[in-house]
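Now for the letters of each chain:
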Amino acid sequence: MEPASEAAQHRRPSPLRKIIAVASIAAGVQFGWALQLSLLTPYVQLLGVPHTWASFIWLCGPVSGMIIQPLVGYYSDHCTSRWGRRRPFIVAGTILVILAVILIGFAADIGRAAGDNPEKKTKVRAVVVFVIGFWVLDVANNMMQGPCRALLADMSGHNQKKTRTANAYFSFFMAVGNVLGYAAGSYSDFHKVFPFAQTKACDVYCANLKTCFIFAIILLVILTSTAVVMVKERPHSPTQHQQSQTKGEDEKKKQKEQQQEEEDDDEEDGEEIPSPFFGQIFSAFGNLSRPMWMLILVTSLNWLAWFGFLLFDTDWMGKEIYGGTVDGENSNLYDKGVHAGSLGLMLNSVVLGLMSLAIEPIARWMGGVKRVWGVGNFILAICLALTVAATKMARSHRHEAAAAGRSMLPSAEVKIFAWAIFAILGIPQAITYSIPFALASIYSSSSGAGQGLSLGVLNLAIVLPQMLVSVVSGPVDNLFGGGNLPVFVAGAIAAAASGIFAFTVLPTPVPHYSPSPSNKL
């Protein structure tokens, strides 16, 4: 591989097979993330955490993402390890994922061994172990995804088409991981592969989750090992990094002379003297160009729409579509609804994977990626609004079934309607996983900040909306009777607004963008 430097635009992009090898790590990461989305909210409630408070546990992800990804991005930009800038963080993240999965999967067993009373609804010690593992898992995911995307940007050599293609493959492999995760989550006998998974503290549902996580570890280790062996980074040279930032500045002699003086000073000291991390973050925000601000606006609204559904999609299937409850006489209906939701998420992932590979030709046909993103946001808004119609249809069917003494399970029409919503949502999800990151790499290609830090800044536009949804969704849903529809409707409004802004204020990238000496993102 070519040196991962900010002067990569002057070098040839890496071969596609190496880009695919790095992008494939997303499948391993997303396998575990899919298990989180489909099974962990019900699992948390089985441990005794009320629905109202379950959303607060999901603050772990946004908070860790807000801190970890910019931090890892910054230090990966300046890492001088002989293994390269990005790979050490990817390997460290993999090790943390293994630790986290052990804590989450064995939380009930550890809690019981530590003194949890199995007769009590809330297993306090198991919840504590689970939350610790959940935090570590989200830290690890952020520690891997940021450097992976930054490495893809380095390997693309700031070629716009190659950058979009690399992010499209990353999105595709996220879909592959989703399919594997949701398929595993929807199979209720998966625990039989490892009989030891089921214990006195860990029932069938818990044992299935534990077994799924074991397979997630195996997949991630294989993919990560393949990528880090196949793709070689040259050690980062601080002097080379600084010198690369002065290229292309001949027309601004004063700036060039000033930067050369700084380089000479650093060379005399024998080392690079980077600005402190938080100074770099504030400087990055202070120097954001209008395209990046608009990208942050559209991305923030987009994730306000997405996160509520990602948080409670299987819970919605269990409660609103199947009419079940977490415990009590209708708990069986809830479990069936959660598994049906996992099947819906698997259908979603199939569409996500196909759409990921189609984004580039569709963008050419529609006349630009911002139009694709705008249309995708409107599709997202319509689908979220249709959850209200699906819920009303399911309730109507249950009333008729109760009056006639029939089964309370939803009709085929209701299930097909709900699954269709899941499947169609794969179209805007593929766009969300690909286009914003490609645009960030393109917009920031002239930045003094590296790709890692630039993507970390964009990540703030993702995690802050997630924090807002995590804080308000539980209490708001409880205020309206404990259902999930209020946050879905609010998401539909945010998605529509994001679509409008994508069409009206998001700049169209200039073809074959040539970096300028500007220090703006």
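Residue positions are given per chain, counting from 1 as you read along its sequence in written order. Per-residue local features are limited, in this predicted model, to residues with pLDDT of at least 70; the limit for side-chain atom pairs, both in listing and counting, is 80 or more; totals at the level of whole chains, interfaces and linings are taken over all residues. Side-chain calculation: all heavy atoms of the structure are included, whereas hydrogens and water are not.

**With respect to the packing of helix H13 (residues 290-321) against helix H14 (residues 331-366)**
No. 1: One way to put it is that H13 packs onto H14 with a least axis distance of 7 Å and a crossing angle of 135 degrees. Our classification of the angle between H13 and H14 gives oblique. The two elements H13 and H14 cross, and the hand of that crossing is right-handed. Contacts from Asp313, Thr314, Asp315, Met317, Gly318 and Lys319 in H13 reach Leu333, Tyr334, Gly337, Val338, Ala340, Gly341, Ser342 and Leu345 in H14.
No. 2: In this classification, Asp, Glu, Lys and Arg are treated as charged, Ala, Val, Leu, Ile, Met, Phe, Trp, Tyr, Cys and Pro as nonpolar, and every other residue, Gly included, as polar. Per-class residue counts for the contact of H13 with H14 are six nonpolar, five polar and three charged. All axes are obtained by fitting lines to C-alpha atoms, using only the stretch in contact for helices, and the reported angles, taken between N-to-C directions, cover 0 to 180 degrees. Every helix listed is a DSSP run of H or I at least four residues long, and every strand listed is a run of E at least two residues long, numbered separately from the N terminus. Orientation labels follow simple angle bins: below 35 degrees gives roughly parallel, above 145 gives roughly antiparallel, 65 to 115 gives roughly perpendicular, and whatever is left gives oblique. Crossing handedness is read from the near helix: turned anticlockwise from the far helix by less than a right angle, it gives a left-handed crossing, and turned clockwise, a right-handed one. Note on definitions: a residue-residue contact is assigned when non-hydrogen atoms from the two residues lie within 4.5 Å.

**Looking at the confidence of the model for the protein**
No. 1: Known as pLDDT, the predictor's per-residue confidence is scaled from 0 to 100. Within the protein, residue pLDDT values average 77, and 75% of them lie at 70 or more.
No. 2: Element-level pLDDT for the protein is lowest in helix H11 (residues 253-269), with a mean of 46, against a maximum mean of 94 in helix H16 (residues 412-424).
No. 3: Long-range and interchain partners of residues 240-256, a stretch whose pLDDT sits below 50, account for 25 contacts in this model, where long-range means more than four residues apart.
No. 4: Note on residues 259-274: pLDDT is under 50 here. Beyond four places in sequence and across chains, it has 18 contacts.

**As for helix H15 (residues 369-404)**
No. 1: A rise of 1.5 Å per residue sets the reference length of H15, with its 36 residues, at 52 Å; its end C-alpha atoms lie 52 Å apart and thus fit the reference within 8%.
No. 2: Count one or two residues on from H15 and you reach Gly405, which has phi positive near 75 degrees. Helix span, as expected, comes to 1.5 Å for every residue beyond the first.

**Section: the packing of helix H5 (residues 87-105) against helix H9 (residues 204-230)**
Helix packing for two helices is described by the angle between their axes and how far apart those axes are.
No. 1: Where H5 contacts H9, the axes come no closer than 10 Å and their chain directions differ by 170 degrees. The angle between H5 and H9 falls in the class roughly antiparallel. Contacts between H5 and H9 involve Arg87, Ile90, Val91, Thr94, Val97, Ile98, Val101, Ile104 and Gly105 from the first element and Cys206, Lys210, Phe213, Ile217, Leu220, Val221, Thr224 and Val228 from the second.
No. 2: Its residues assigned to classes, the contact of H5 with H9 comprises twelve nonpolar, three polar and two charged.

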